[in-house]
Amino acid sequence: MEGGRSIGIIGMGDMGKMYAKRLSDAGWKVNACDMPDKYNLLVQEFQARPMVEIMPNGHLVSRASDYIIYSVEAKNIDAVVKAYGPSTKLGAIVGGQTSCKAPEIAAFEKHLPPDVSIVSCHSLHGPGVDPRGQPLVLIKHRASDDDFKFVETVLSCLGSKHVPLTWEQHDRITADTQAVTHAAFLSMGAAWKANNQFPWESARYLGGIENVKINVTLRIYSNKWHVYAGLAILNPAAQKQIKQYAESVTELFKLMLAGHRSELRERIYTARKAVFSDHRAKDLLLQDEVLDRFSLGKLPEKRLKNNHLSLLAMVDCWWKLGIVPYDHMICSTPLFRMWLGITEYLFRNDELLDEVIDTAITDNTFRADDLEFTFAARDWSSRVSLGHFDGYREKFEEIQEYFAPRFPEASRLGNEMIKTILEKTRGE
Ligand SMILES: NC(=O)C1=CN([C@@H]2O[C@H](COP(=O)(O)OP(=O)(O)OC[C@H]3O[C@@H](n4cnc5c(N)ncnc54)[C@H](OP(=O)(O)O)[C@@H]3O)[C@@H](O)[C@H]2O)C=CC1
Ligand SMILES: O=C(O)C(=O)Cc1ccc(O)cc1
């Protein structure tokens with residue numbers, strides 16, 4: 001392909017393998033490696049794919065390839081580029097797949113020889129999602145137009161929607177979209193565990209919006225901790241967003257506890273105006289019948305009320321930070337679109353929003369759940385702000401273990417849900 005040029009992939013985890021398979025299927029020669037101890041296993045796994053050559057380490061991949069993609073943990077990017085960067089083939093192009101670009105670009109600038117071009121990428125979806133039509137961010141950081149065109153040509157086989165950005169724009173947008181979305185779902189999981197609850201066993205958490213909350217939470221906890229830790233801890237804008245989310249949760253919960261109905265209502269309606277007023281005429285991203293279809297438990301005859309503190313706080317947080325989430329649709333992940341979908345579903349239905357406010361003030365049966373949710377949001381925020389990967393990992397894996405028995409079923413249902421919902425909410 002293209003004058004015999006080949007592609008290198010350093011890091012053959014979930015994303016690296018997905019890229020290796022799709023690029024080689026499109027006819028590209030791929031040179032790939034993971035840690036040296038995985039060499040034999042990878043050789044076996046890829047033996048039926050002659051277009052993928054597994055190599056023992058990143059030096060060999062770097063010296064043989066014309067466009068090298070680092071697909072390793074964000075927290076390791078500096079060390080890995082430091083090790084292999086100097087072995088990069090003269091005049092090659094280098095990029096990375098990590099979810100936060102500030103450390104990745106810094107590592108490239110520090111460790112790559114000056115003749116090497118830098119064009120980075122970020123597929124805004126997990127490895128199990130069909131990349132067609134999903135946003136793919138491309139960052140032309142230090143490269144000629146021809147080099148950039150070459151990367152576009154290589155990655156066009158993914159069928160994704162190319163979104164050219166600078167690394168600064170990328171980090172700002174993904175803090176708004178991914179990091180704070182994950183914080184909300186991570187907090188739901190933490191609260192359910194703290195109350196020793198499996199939400200699909202409680203009628204309160206069945207149907208509609210609740211299905212999305214449960215399926216997405218389980219999807220996040222079934223993934224690798226470092227993906228979420230990396231994009232939250234390493235992105236300075238993310239810390240601010242997550243902190244505001246925790247503050248919004250706390251303040252709204254205090255208004256509920258104190259029974260300040262009119263203050264709560266006014267705050268929620270002010271936030272709604274700031275976030276949704278320009279979108280009132282547009283179709284809803286998600287509809288009832290889609291939401292109800294994907295339940296881990298048996299749907300109750302009549303939907304039970306919830307005060308949806310997690311959703312109220314999200315809109316409050318967007319308002320406080322001056323974020324209009326629709327502005328980011330071009331650069332959104334599936335989980336963000338689902339999160340915005342259920343938030344919008346609530347905020348654009350006057351009757352439901354009023355019911356939620358009434359439940360928040362009059363129904364005490366949610367207090368225990370909301371208390372744990374508030375603790376959880378604050379705890380995640382402080383772990384992210386402290387910047388300790390170990391502290392993040394410890395909490396994530398404890399909750400992961402709690403929910404693990406339901407991952408297979410939740411993944412199956414979650415995949416179907418994502419597929420159906422994505423057809424209705426493709427970016428833009
Ligand atoms: N999963 C997702 O949904 C998405 C992830 N991303 C980003 O893509 C990157 C990869 O994520 P993902 O594939 O999920 O994570 P994985 O943990 O599955 O893959 C990373 C791989 O890189 C390997 N690795 C670490 N150091 C080296 C090294 N020195 N040489 C070769 N290989 C090395 C790891 O080995 P070991 O495990 O032994 O450390 C691991 O196998 C991350 O930065 C992530 O943020 C981007 C979009 C979506
Ligand atoms: O859709 C999401 O937000 C996910 O959780 C999957 C994901 C994780 C990390 C990325 O960098 C991009 C996508």
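An account of the accompanying structure is given in this report. (Residues numbered from 1 in each chain as written. Chains lettered and ligands numbered in written order. Predicted model: local features only at pLDDT ≥ 70, side-chain atom pairs only at ≥ 80, totals over all residues. Heavy atoms only, no water.)

**Some points on the site of ligand 1**
Consideration 1: Lining the immediate surroundings of ligand 1 are 26 residues, of which D34, V72, E73, S99 and K224 lie closest.
Consideration 2: In this structure, an oxygen atom belonging to ligand 1 sits 2.6 Å away from a main-chain N or O atom of V72.
Consideration 3: For ligand 1, an oxygen atom lies 2.8 Å from a polar atom in the side chain of E73.
Consideration 4: Looking at the shell around ligand 1, the elements with two or more residues in it are α1 (14-25), α4 (77-84), β6 (117-123) and α9 (225-233). (Near = heavy atom within 4 Å. Polar contact = N/O pair within 3.5 Å; in protein donor to acceptor, adjacent residues only side chain to side chain. Helix = DSSP H or I, 4+ residues; strand = E, 2+ residues; numbered from the N terminus.)

**Considerations on the pattern of salt bridges**
Consideration 1: All chains considered together, the criterion is met by 24 salt bridges.
Consideration 2: Among the salt bridges present, the one from E53 reaches K29, with a minimum N-O distance of 3.0 Å. Taken together, the positions of E53 in strand β3 (residues 52-54) and K29 in strand β2 (residues 29-33) put the pair 24 residues apart, joining distant regions of the chain.
Consideration 3: For K29, a relative accessible area of 29% puts it in the partly exposed group.
Consideration 4: One salt bridge in this structure joins K140 and D145, with 3.4 Å as the shortest N-O distance.
Consideration 5: Residue K140 is classed as partly exposed on the basis of its relative accessible area, which comes to 37%. (Salt bridge = Lys/Arg side-chain N within 4 Å of Asp/Glu carboxyl O. Buried < 20%, exposed > 50% of the residue type's maximum accessible area, 1.4 Å probe, protein only.)

**Examining the packing of aromatic side chains**
Consideration 1: On inspection of all chains with the given rule, the structure shows 14 aromatic pairs.
Consideration 2: Between the aromatic rings of Y221 and F403, the centroid separation amounts to 6.3 Å while the plane-to-plane angle is 35°, which identifies the pairing as tilted. Of the two residues, Y221 sits in helix α8 (residues 208-221) while F403 sits in helix α17 (residues 389-403), which places them 182 residues apart along the sequence.
Consideration 3: Between the aromatic rings of Y402 and F403, the centroid separation amounts to 5.0 Å while the plane-to-plane angle is 75°, which identifies the pairing as edge-to-face. Residues Y402 and F403 agree in their burial class; the two are buried.
Consideration 4: Aromatic ring contacts, followed pair by pair, group F198, Y221, Y228, W380, Y392, F396, Y402 and F403 into a single cluster.
Consideration 5: It is R5 that lies over the ring of F150; its NZ or CZ is 3.7 Å from the centre.
Consideration 6: The ring centre of W380 lies 5.5 Å from the NZ or CZ of K395, which sits over that ring. (Phe/Tyr/Trp six-rings, centres within 6.5 Å; stacked < 30°, edge-to-face > 60°. Lys NZ or Arg CZ within 6 Å of the ring centre and 35° of its normal.)

**Digging into the site of ligand 2**
Consideration 1: Within the structure, ligand 2 sits among 13 residues, and S99, H122, Q178, H182 and T333 are positioned closest to it.
Consideration 2: Between an oxygen atom of ligand 2 and a side-chain N or O atom of Y228, the distance comes to 3.1 Å.
Consideration 3: Residue T333 places a side-chain N or O atom 3.1 Å away from an oxygen atom belonging to ligand 2.
Consideration 4: For ligand 2, the protein covers 92% of the area, taking 330 Å² as the surface of the free molecule.
Consideration 5: Every element with two or more residues in the shell around ligand 2 is listed here: β6, α7 (167-194), α9 and α14 (334-347).
Consideration 6: When the residues that make up the shell around ligand 2 are grouped by side-chain class, the tally is five nonpolar, eight polar and no charged.
Consideration 7: Summarising the domain contributions, the shell around ligand 2 has at least three residues from each of domain 1 (6-165) and domain 2 (173-425). (Areas by Shrake-Rupley, 256 points an atom, 1.4 Å probe, with all protein chains shown as cover. Nonpolar A, V, L, I, M, F, W, Y, C, P; charged D, E, K, R; others polar. Domains from an automatic or database assignment.)

**A few points about the environment of R406**
Consideration 1: Note that R406 resides in the loop between α17 and α18 (407-425).
Consideration 2: Overall, R406 belongs to the partly exposed group, its relative accessible area being 23%.
Consideration 3: A distance of 3.3 Å separates a polar atom in the side chain of R406 from a polar atom in the side chain of E409.

**Thoughts on the sheet that holds strand β8 (residues 161-164)**
Consideration 1: Read across the open sheet, the eight strands follow the order β3-β2-β1-β4-β5-β6-β7-β8; overall the sheet is mixed. Every interior strand has two partners, whereas the edge strands, β3 and β8, have only one. In this sheet, adjacent strand axes meet at a mean angle of 25° when their direction is disregarded.
Consideration 2: Pairing of strand β5 (residues 93-96) with β6 involves two bridges; the strand directions are parallel. Note on β6: the bridge partner recorded for V94 is I118.
Consideration 3: Against the sheet, α7 makes contact with β6 and β7 (135-142), and its axis sits at roughly 150° relative to β7, the strand it touches most. (Pairing = 2+ DSSP bridges. Axes fitted to C-alpha atoms, helices over the stretch in contact; angles between N-to-C directions. Contact = heavy atoms within 4.5 Å.)

**Digging into the pairing of β8**
Consideration 1: As defined by bridge partners, β7 adjoins β8 across four bridges and the pair is classed as parallel. Each bridged residue has a counterpart across the sheet, and for V137 the counterpart in β8 is V163.
Consideration 2: In the classification by handedness, the crossover that spans β7, the intervening helix α6 (residues 145-155) and the parallel β8 is right-handed. (Right-handed = clockwise from strand over helix to strand, strands pointing away.)

**Some remarks on empty space enclosed by the protein**
Consideration 1: On inspection of all chains with the given rule, the structure shows three cavities of 30 Å³ or more.
Consideration 2: One number sums up the size of the second largest cavity: a volume of about 40 Å³.
Consideration 3: What lines the second largest cavity is A179, H182, A183, L186, A232, I242, W380, V384 and Y392.
Consideration 4: Elements supplying a minimum of two residues to the lining of the second largest cavity: α7 and α16 (367-386). (1 Å grid on protein atoms, 1.4 Å probe; cavity = no way out; pocket = protein on both sides within 12 Å on 5 of 7 lines; lining within 4 Å. Points joined across faces, edges and corners; volume = space filled by probe spheres on them.)

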